[in-house]
Amino acid sequence: MSTPSPVRIAAVLSTEHRGRLMSQAREVNFPEGARIFEEGQRADSFWIVRSGTVTLELPVPGRRPAPIENLGPGELVGWSWLFPPFVWQLSAEAMTPVRSYEFDATTVRVLMDADPAFGSAIGHWVGRVLALRLHQTRTRLIDLYAPRAAAG
């Protein structure tokens with residue numbers, strides 16, 4: 001099974017739409033080991049990594065969280081902000097010091113509603129990210145829980 005390529009913002013959004021989104025950005029940093037968000041918490045922000053590595057994790061009852069994917073520069077951290085009930089479906093941790101752009105989810109959703117072309121572009125971008133994350137989660141869970149064939 002091939003691994004899909006990361007969905008980086010520069011490869012997906014037009015210069016105009018990327019500029020419009022980035023006009024809402026504020027720079028934030030996370031130290032190594034910082035918990036960026038936890039599954040079940042309200043998803044009211046999202047981030048684009050500038051430098052460093054963020055690991056997405058799936059909490060597993062009675063076990064350590066299962067790492068799903070590592071995200072790097074240009075990648076979106078968080079998609080749950082776009083879909084009601086706006087609650088994180090995964091958790092995220094800074095694996096290295098992370099520099100990022102942070103966005104207020106409500107503000108971006110208002111801009112999307114006010115400009116259908118911008119809204120469509122952001123929706124398609126997040127949709128592509130979501131499809132990749134679902135693929136990565138499925139692959140990781142199969143790796144973790146599928147029965148192993150006997151060596152023979």
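Attention in this report is confined to the structure presented alongside it. (Residues numbered from 1 in each chain as written. Predicted model: local features only at pLDDT ≥ 70, side-chain atom pairs only at ≥ 80, totals over all residues. Heavy atoms only, no water.)

A few points about the packing of aromatic side chains
Stated precisely, the cut-off is as follows: Each Phe, Tyr or Trp ring, with Trp reduced to its six-membered ring, pairs with another whose centre is within 6.5 Å; inter-plane angles below 30 degrees give stacked pairs, above 60 give edge-to-face pairs, and intermediate values give tilted ones. Helix numbering and strand numbering both begin at the N terminus, where a helix is a DSSP run of H or I of at least 4 residues and a strand a DSSP run of E of at least 2. Relative accessible area decides the class of each residue, using a 1.4 Å probe on protein chains only: under 20% of the type maximum gives buried, over 50% gives exposed, and in between gives partly exposed. Two conditions define a charge sitting above a ring: the NZ of Lys or the CZ of Arg must be within 6 Å of the ring centre, and it must be within 35 degrees of the ring normal.
Scanning the entire structure with this criterion turns up 7 aromatic pairs. On the basis of an interplanar angle of 75° and a centroid distance of 6.1 Å, the ring pair of Phe 30 and Trp 47 is categorised as edge-to-face. With Phe 30 in strand 1 (residues 26-30) and Trp 47 in strand 3 (residues 45-51), this pair connects stretches of sequence that are 17 residues apart. Given a relative accessible area of 16%, Phe 30 falls into the buried group. Aromatic pair Phe 37 and Trp 47: ring centres 5.9 Å apart, planes at 15°, arrangement stacked. Taken together, the positions of Phe 37 in strand 2 (residues 35-37) and Trp 47 in strand 3 put the pair 10 residues apart, joining distant regions of the chain. Residue class for Trp 47 comes out buried when judged on its relative accessible area of 6%. Members of the aromatic cluster, joined through ring pairs, are Phe 30, Phe 37, Trp 47 and Trp 88. Stacked on the ring of Phe 118, the Lys or Arg Arg 20 has its end atom at 5.0 Å from the ring centre.

Quick look at the pattern of salt bridges
We apply this condition: The rule for a salt bridge is simple: a side-chain nitrogen of Lys or Arg has to be within 4 Å of a carboxyl oxygen of Asp or Glu.
Counting across every chain of the model gives 6 salt bridges. Between Arg 20 and Asp 115 there is a salt bridge, with the nearest N and O atoms lying 2.5 Å from each other. In this pair, Arg 20 is assigned in helix 2 (residues 15-22) and Asp 115 in the loop between helix 3 (105-114) and helix 4 (116-145), connecting sequence segments 95 residues apart. On the basis of relative accessible area, Arg 20 is assigned to the partly exposed category, the value being 28%. Here Glu 93 makes a salt bridge to Arg 35, at a shortest N to O gap of 2.8 Å. Residue Glu 93 is found in strand 7 (residues 91-94), and its partner Arg 35 is found in strand 2; the two are separated by 58 residues along the sequence. In this structure Glu 93 comes out as buried when scored by relative accessible area, which is 17%. For Arg 35, a relative accessible area of 35% puts it in the partly exposed group. Salt bridges sharing common partners tie together Arg 35, Glu 38, Glu 57 and Glu 93.

Re the sheet that holds strand 5 (residues 66-71)
For clarity, the threshold we go by: Pairing between strands requires that DSSP locate at least two bridges from one strand to the other. Axes here refer to lines fitted to C-alpha atoms; in helices the fit is confined to the stretch in contact. Angles between the N-to-C directions go from 0 to 180 degrees. When checking whether two residues touch, look at their non-hydrogen atoms; a contact exists if any pair is within 4.5 Å.
Spatially, 4 strands are ordered 2-7-4-5 in an open sheet, and the strand pairing comes out antiparallel. At either margin of the open sheet sits one strand with a lone partner, and together these are strand 2 and strand 5. On average, each strand axis in the sheet is tilted by 30° relative to the strand beside it, whichever way the strands run. Two strands pair when backbone bridges link them, and strand 4 (residues 54-58) and strand 5 are joined in this way by 5 bridges, in the antiparallel orientation. When the sheet's bridge partners are listed, Leu 56 is paired in strand 5 with Glu 69. Set on the sheet, helix 4 makes contact with strand 4 and strand 5; between it and strand 5 the angle comes to about 140°.

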